[in-house]
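Overview (structure and organization)
The lines below spell out each chain.
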Amino acid sequence: MVERLQAMTVEVGYPCFLRTGMGSNKHGWKETCYVTAMDQIPERVRNLVEWSCLVDLWGMPYDVWVIREFLPIEPAFYAFRGDMPVNRERRYFFNDGKVVSHIAYWPEDAFINHKKPDGWRAMLTEVNRQDALEIEHLTTMTLQVAKRFKGAWALDWLWTKRGWYATDMAEAHRAWGCPKELSK
């Protein structure tokens, strides 16, 4: 499996982003999901397997692996261990083809007890600011995805130098910030 992942990184290029089908442990950034060289893959896989086993009472599956291009971003600041880029991200919830709600991806309390720069709250406020044009655009894009799925889902969007990209999708009840009406 590690050899297949290594071959995929050559195809995708460096840096790249590694995750399981359930998560990436972005908070561990340089030890988990951010890959700059092929020889880092075995350690990153071990770290993501360990994280998957410890993150939940029963652990999370790690039988699905994803390598994707590291999308070009302009981070507002770096946090957690001082190396994870904090960027504009949004989470949209939809159910049976209709957008139900949306939230900024990064709540302030995610940064409590973690390394962050001076002035981080003001930077986070700007990262989390959503204007009407953005909401309209992401709602339209989310609806394009939503029409292909039944049930309640959470869809994550990342702002890049190329525009918005969908980066993750999960059953709504498994996603942080899920509205009560979509919880099981």
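See above for the structure.
Residues numbered from 1 in each chain as written. Predicted model: local features only at pLDDT ≥ 70, side-chain atom pairs only at ≥ 80, totals over all residues. Heavy atoms only, no water.

Concerning the nonpolar core
The biggest cluster of nonpolar side chains holds 14 residues, and the ones touching the most others in it are Phe77, Val86, Trp106 and Phe111. Of all the elements in the fold, those that place two or more residues in this core are strand E4 (77-79), strand E5 (84-86) and helix H3 (120-128). Among all residues touching Phe77, those that are not within four sequence positions of it are Met84, Pro85, Val86, Phe111, Pro117, Trp120, Met123 and Leu124. Counting 9 residues, the second-largest nonpolar core is a separate cluster that includes Leu18, Leu48, Trp65 and Ile67. (Core = buried A, V, L, I, M, F, W, Y, C linked by side-chain atoms within 4.5 Å. Buried < 20%, exposed > 50% of the residue type's maximum accessible area, 1.4 Å probe, protein only. Helix = DSSP H or I, 4+ residues; strand = E, 2+ residues; numbered from the N terminus. Contact = heavy atoms within 4.5 Å.)

Focus on the sheet that holds strand E6 (residues 89-95)
Ordered by their spatial adjacency, 4 strands build an open sheet running E7-E6-E8-E9, and the pairing between neighbours is antiparallel. What marks the edges here is a single partner per strand, and that holds for strand E7 (98-104) and strand E9 (163-171). The mean inter-strand angle of the sheet, taken between neighbouring strand axes irrespective of direction, is 25 degrees. Against the sheet, helix H4 (residues 132-146) engages E6, E7, strand E8 (152-160) and E9, with an angle of about 50 degrees to E6. (Pairing = 2+ DSSP bridges. Axes fitted to C-alpha atoms, helices over the stretch in contact; angles between N-to-C directions.)

Considerations on the state of the cysteines
Two cysteines whose sulfur atoms are joined by a covalent bond form what is called a disulfide. One pass over the full model with this rule turns up 0 disulfides. The structure places no disulfide on Cys16, whose sulfur is separated from the nearest cysteine sulfur, that of Cys33, by 10 Å. A relative accessible area of 0% places Cys16 in the buried class. Considering cysteine sulfurs only, Cys33 is the nearest to Cys53, which forms no disulfide, with 17 Å between them. (Disulfide = S-S within 2.5 Å.)

A look at the packing of aromatic side chains
Counted by the stated rule, this structure contains 12 aromatic pairs. A ring pair is formed by Trp106 and Phe111, whose centres lie 5.6 Å apart and whose planes are at 50 degrees; its orientation type is tilted. Note on Trp106: relative accessible area 3%, which makes it buried. The class for Phe111 is buried, based on a relative accessible area of 0%. Of the aromatic side chains, those joined through ring pairs into one cluster are Phe77, Phe80, Tyr105, Trp106, Phe111 and Trp120. Positioned above the aromatic ring of Phe17 is the side chain of Arg68, whose terminal nitrogen or guanidinium carbon lies 4.3 Å from the ring centre. Here the basic side chain of Arg88 rests over the ring of Trp159, its NZ or CZ set 4.9 Å away from the ring centre. (Phe/Tyr/Trp six-rings, centres within 6.5 Å; stacked < 30°, edge-to-face > 60°. Lys NZ or Arg CZ within 6 Å of the ring centre and 35° of its normal.)

Some remarks on unusual backbone geometry
Of note, the amide linkage connecting Tyr14 to Pro15 takes the cis form, showing an omega dihedral of -5 degrees. Locating Pro15 in the fold gives a position in the loop between helix H1 (2-12) and strand E1 (16-20). Residues other than glycine seldom take positive phi values, yet Phe80 does so here, at roughly 70 degrees. Unusually for a residue other than glycine, Asp96 sits at a positive phi of about 45 degrees. Note that Asp96 resides in the loop between E6 and E7. Using a relative accessible area of 51% as the deciding quantity, one classes Asp96 as exposed.

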